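Survey of secondary and tertiary structure
In case you want the letters, here they are:
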Amino acid sequence: MTLFKPEYVQKEFYTGGHIERIWTPDGHNLLCQCGPRVSILNIETTTLAGTIPKRTESVKTGDEEDEEDESTDSVIVFTLDPTGKNLITSHKSGLLCTWDFNERKLTKSWRHLHKGPVTKLSITSDQIIASGGTDSIIRLWQSEKAHCLYALHGAQGLISAMKFLQLSKSEYWLFAADLQSEIHVWNCDDGKHLFKLQGHFSTVTELAFYKKQYLISCGRDKVVILWDLESKSQLKMVALYDCLETMVVLPEEGFYLQDLNDELKNTHVIPSGICVAVGGENGELHVWDVKNNVPISKGCNTDSQSIKSTKSITNMIFNETRSTLAICYVDNTVTLQSFGPQHSKLTLIGSNDEILDVALLGNECSRSLAVAINSCDIYLFPWHKKKIESDGDCEIDKVELGVCCKRLKGHTDTVLCLASYKNYLISSSKDHSIRVWLYCNVSRTANCVAIGTRHTGAINTVAVSKSLDFIVSASTDTTLKLWKLPKTFKSDEHHILSVKLTEVGHEKDINSICIAPNYQTIATGSQDKLIKIWSASDLSVLGVCRGHKRSVWCVRFSPIDQVLLSSSADTTLKIWSMADYSCLKTLESHDSSVLKGGFLNRGTQVASCGGDGLVKIWCLKTSECIATLDKHSSKVWALSIVDDGSIMITGGTDSRLVVWHDRTEEVRISEAAANQTKALQDQQLQNLLQNEQLLPALKMSITLERPNTALKIIQTLSKQGQGQDLKMVFENINQEHKERLLNYIVDWNSNGKYCLAAQLVLNILLEDIMLGKLTINQEKLQGLMAYSERHFRRLTTLMTNLQLLRYTTNCMAPHSSN
């Protein structure tokens, strides 16, 4: 039996919407909207630190996790108070909720009284909350009492931006922009409308302040406006020719910008005016001195992408403590760009798109996982291995990926397939090209060293020989090409790959290709239901495997036997003999197309994944499915087997990247140790019973889950008049054992022979039940009450009959003496 556990699941932490950055004593965190929850990402470790509301900690399948998210009251917008203690959330149900951020617990909830959803929230350090809704009304709340202080009128339509300005210790003004592109200002002390600012001609998307004297606003009318709050007038209007979505004010004491001519050099900028960084639809970061109307840094694409793959900037947050700007893109990626003296840039994947393929690169000490995520870029995640303690008190390896990655740019259309060996990565794309990437173990990144562009259609599949002599690729143009792989590459330019051989392979698209371990043969699987075996020397057809009823999705050679594995849309896997190309075995268990397969454990087992969202492990000797792994909720496109099956990586349409560890040996050792411990405890229990040490024996029988032994001991103690001693035993057992004992009572009480023992124990546990320390569900409670009433009636009848018998014997006593 093989036991795989999903010990790492890379889940999304940002799915679009609101995002905030905070500094807490325990680290650097990003708060992001993630589906119906607010996720908390630790920047130091690039791992998810938790969610609000919390997820249940029980192990779930992929479908069960999706159902849990669907039943959660979705968070529409949120904000964190300046102290970092309270998180305020607005929900789809119409509730405003206050959460203790440190404890992740709900402290208060109330109705927001708006006629529509709340789209904007803001909060002061005095815990005054402003909620802006689609009903054109802004409400001010006292957070502690959930009391509405004022309803602010004057705005028209949706509130697009809202912010507090603290003028003095207790005086606040509230600024809000509406659908008419006007900026309204209210006094928070009395709720009076003070004035409004007019200048924008489209939606105002962001408001910012500088020294309580200036207001800076930007909008989709492609301009940034500087306002003087004293004169309530417009000072400057800066045209940036970009629909602006977000803006931050940069430090007045100065910051560093990357030199465009030298990536390693930073330029120190000390502004003479008011510097802001703005971003929008074009995906360009503009750094501008709005007071002097001077560009500090011309608009440049911060993600260094081609025009075709440019992604809009949706949000930005600047953290002064670390001089770092977080830039959020429309594809839910977050770039952390340093504005300090040491230039650095990190890319965080908020939520994966559909995962099409994965491949592992590098040596044992410096590995990375290349992932094709329905994008023209390849994402490179660092492969972190750490030691964890298992149940058997021994350390085992566990792999984690995190959400921080590097992008490999070069393809101009979606990357469809990845193949790797050692430090070589081969990618194929819809742009009709293949690329060869050389991985560096030190920097954990890869550079494109060669390009091949001879196909006339999208290249569905590619493979590289372990001799690193050649590459084979197959395309929707139905051709099979063999490329010569050079031994050395030039560092300053891309090598152009030459095609050694070309053959028309199949009548329809070729879905999969693989190379035999001896590099002599090649196998292809196609939508024409056929599998063809080719000679690697001249691409001549050696044989054809017929038997699948629908398209063949994957073909793989065995690492040790002369057999071939294939998976198909007919929901089966087949094992083929390479001697006569006949079908040896057919494996059936999937309910949908089998998309990928592979050999593990030295060819004795097979792993497969399919459109049903399941990963299955097969034993080739018995042709049986020995394990079904369920962590995905949709099609599983990618399957990679590492270290002969000790680790598997899967990914699919649900955007989850799951790392499975083979824990068969660890579980076997743990079970053996548990059985040995249990045998020793059994012997100890027998010794206690033999020595008539009933009270210690009772405690051990509950620990070992021996209800019959516990019942006999309780009955014996009751007969010996030691029932009161039971209370001392039950006070010294933990909560789990008390709950277990309560379940035993429910069973014992249903039998008249054992009801006295059940009632004796129930009487002792009744105090914990009444205090709420022990809980019992409604069904079990009703059963206890029904049987207890029946026993009470029976015993009452018995006592009545005994009294009548005693009365009769007392009446007969004088006559019997005569």
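Note that the coordinates shown come from a computational prediction; the quantities given were computed from them, not determined experimentally.

Considerations on the overall build of the chain
When helices and strands are tallied, the chain shows eight helices and 61 strands. Projected onto the principal axes, the alpha-carbon positions of the chain cover approximately 130 × 90 × 40 Å. Contacts in the chain between residues far apart in sequence, at least 24 positions, make up 47% of those at least 6 positions apart. Accessible surface, the chain: about 38,100 Å² in total, of which carbon and sulfur atoms supply 49%. Counting 86 positive and 92 negative side-chain charges, the chain places the centres of these two groups 2 Å from one another.

Thoughts on helix α7 (residues 755-770)
End to end, α7 covers 21 Å across 16 residues, agreeing with the expected 22 Å (1.5 Å per residue, within 8%). At I764, α7 shows its largest kink, close to 40°. Where α7 is concerned, the buried positions are C755, A757, A758, V761, L762, I764, L765 and D768. Remark: G772 follows α7 within two positions and exhibits a positive phi of approximately 85°.

Here we look at the sheet that holds strand β13 (residues 147-152)
With antiparallel pairing, the four strands of this open sheet are ordered in space as β10-β11-β12-β13. Edge positions in the sheet fall to β10 (118-123) and β13, since each of these pairs with one other strand and no more. With direction set aside, neighbouring strand axes in the sheet form an average angle of 20°. One ladder, built from five bridges, connects strand β11 (residues 128-133) with strand β12 (residues 138-142); its direction is antiparallel. Across the sheet, residue S131 finds its bridge partner in β12, namely R139.

Observations concerning the packing of helix α4 (residues 707-719) against α7
Relative orientation of the contacting elements α4 and α7 amounts to 85°, with a least axis distance of 10 Å. Taken together, the axis directions place α4 and α7 in an arrangement best described as roughly perpendicular. Contacts between α4 and α7 involve L711, I714, Q715 and S718 from the first element and A757, L760 and V761 from the second. Broken down by class, the residue content of the contact of α4 with α7 amounts to five nonpolar, two polar and no charged.

Some remarks on the nonpolar core
Counting 32 residues, the largest nonpolar core has L698, F730, L741, I745 and W748 as the members making the most contacts within it. Secondary structure elements with two or more residues in this core: α2 (664-690), α3 (694-703), α4, α5 (725-731), α6 (735-749) and α7. Counting residues in hydrophobic clusters, the runner-up holds 20 residues, among them I349, I355, I373 and L657.

Observations concerning the UniProt feature "repeat: WD" (unreviewed entry) in the chain
Feature annotation in UniProt places "repeat: WD" (unreviewed entry) on residues 111-151, 197-237, 408-437, 452-485, 503-544, 545-586, 587-628 and 629-670, given in this structure's numbering. Here residues 408-437 is 0% helix and 60% strand, with 9 Å between the C-alpha atoms at its ends. The annotated region residues 452-485 carries 0% helix and 56% strand content, and the separation between its end C-alpha atoms amounts to 10 Å.

Considering the packing of aromatic side chains
Here a ring pair, both rings aromatic, is described through the centre-centre distance and the interplanar angle of the planes. Applying the stated criterion to the full structure yields eleven aromatic pairs. Between F164 and Y172 the ring centres are 6.1 Å apart and the planes differ by 80°, which places this aromatic pair in the edge-to-face class. For F164, a relative accessible area of 12% puts it in the buried group. Residue classification places Y172 among the buried residues on the basis of a relative accessible area of 6%. Ring geometry for Y424 against F489: centres 6.2 Å apart, planes inclined by 50°, an arrangement best described as tilted. Residue Y424 is found in strand β39 (residues 424-429), and its partner F489 is found in the loop between β44 (479-484) and β45 (495-496); the two are separated by 65 residues along the sequence. With a relative accessible area of 14%, Y424 lands in the buried category. Linked through ring pairs, W173, F175, F195 and F209 together constitute an aromatic cluster. Over the ring of F101 we find R104; its NZ or CZ atom is 4.9 Å from the centre of that ring.

Details of unusual backbone geometry
The phi torsion of most residues other than glycine is negative, and most of the peptide bonds are trans. Cis geometry marks the peptide bond from I52 to P53; its omega dihedral reads -5°. Among the structural elements, P53 can be located in the loop between β5 (47-52) and α1 (62-70). The backbone of R444 shows a phi angle near 55°, a positive value even though the residue is not glycine. With respect to the helices and strands, the residue R444 is situated in the loop between β40 (434-440) and β41 (445-452). In this structure, L539 takes a positive phi of about 55° despite not being glycine. With respect to the helices, strands and loops of the structure, L539 is situated in the loop between β49 (531-535) and β50 (541-545).

Details of the pairing of β11
Within β11, six of the six residues are buried, which leaves it mostly tucked inside the rest of the structure. What you see with β11 is no split at all: I128, A130 and G132 on one side and I129, S131 and G133 on the other are buried throughout. Pairing geometry for β10 and β11, over five bridges, is antiparallel. Looking across to β11, one finds that K120 is bridged to G132. Counted between consecutive antiparallel strands, the loop separating β10 from β11 contains four residues, among which Q127 sits at a positive phi close to 65°. Between β11 and β12, which pair antiparallel and follow one another directly, the connecting turn spans four residues, one of which, S136, has a positive phi of 70°.

Some words on the state of the cysteines
Overall, the coordinates contain zero disulfides when judged by the stated rule. The structure places no disulfide on C545, whose sulfur is separated from the nearest cysteine sulfur, that of C583, by 8.8 Å.

Things to note about the environment of D469
Position of D469 among the secondary structure elements: in the loop between β42 (459-464) and β43 (470-475). Since its relative accessible area comes to 35%, D469 is described here as partly exposed. When the C-alpha atoms of D469 and Q258 are compared, they prove to be 41 Å apart, with 211 residues separating the residues in sequence. Residues contacting D469, with those up to four places away along its chain left out, are W483, K484, L485 and K487. Here K487 takes part through its side chain, which lies 2.7 Å from a polar atom of the side chain of D469.

Describing the sheet that holds β49
Taken in spatial order, the four strands make up an open sheet running β47-β48-β49-β50, and their pairing is antiparallel. If you trace the sheet from one side to the other, it starts and ends with β47 (510-515) and β50, each paired once. Direction aside, the axes of adjacent strands within the sheet are offset by 20° on average.

A few points about a nonpolar patch on the surface
Side chains of L756, L795, L798, M799, L802 and L805 sit close together on the surface and give an oily, nonpolar patch of about 570 Å² of accessible area. Looking at which element gives the most residues to the nonpolar patch, the answer is helix α8 (residues 778-817), with five residues. Within the secondary structure layout, L795 lies in helix α8. For L795, a relative accessible area of 35% translates into the label partly exposed.

A look at α2
In this model, α2 (27 residues) spans 39 Å end to end at C-alpha, consistent with the 39 Å of a helix rising 1.5 Å per residue. Taken residue by residue, α2 has V667, S670, L685 and L688 as its buried positions. Backbone geometry just after α2 places E692 at a positive phi near 60°.

Calculation criteria
Residues numbered from 1 in each chain as written. Predicted model: local features only at pLDDT ≥ 70, side-chain atom pairs only at ≥ 80, totals over all residues. Heavy atoms only, no water. Helix = DSSP H or I, 4+ residues; strand = E, 2+ residues; numbered from the N terminus. Contact = heavy atoms within 4.5 Å. Areas by Shrake-Rupley, 256 points an atom, 1.4 Å probe, with all protein chains shown as cover. Lys, Arg positive; Asp, Glu negative; His and termini not counted. Charge placed at Lys NZ, Arg CZ, Asp CG, Glu CD. Expected span 1.5 Å × (residues − 1). Bend = angle between axes of the 7 residues up to and from the residue. Buried < 20%, exposed > 50% of the residue type's maximum accessible area, 1.4 Å probe, protein only. Pairing = 2+ DSSP bridges. Axes fitted to C-alpha atoms, helices over the stretch in contact; angles between N-to-C directions. Parallel < 35°, antiparallel > 145°, perpendicular 65-115°, else oblique. Nonpolar A, V, L, I, M, F, W, Y, C, P; charged D, E, K, R; others polar. Core = buried A, V, L, I, M, F, W, Y, C linked by side-chain atoms within 4.5 Å. UniProt positions renumbered as here; feature names shortened; annotations may be inferred. Phe/Tyr/Trp six-rings, centres within 6.5 Å; stacked < 30°, edge-to-face > 60°. Lys NZ or Arg CZ within 6 Å of the ring centre and 35° of its normal. Disulfide = S-S within 2.5 Å. Polar contact = N/O pair within 3.5 Å; in protein donor to acceptor, adjacent residues only side chain to side chain. Patch = residues over 30% accessible without salt bridge, like charges linked within 9 Å, V, L, I, M, F, W, Y side chains within 5 Å. Salt bridge = Lys/Arg side-chain N within 4 Å of Asp/Glu carboxyl O.

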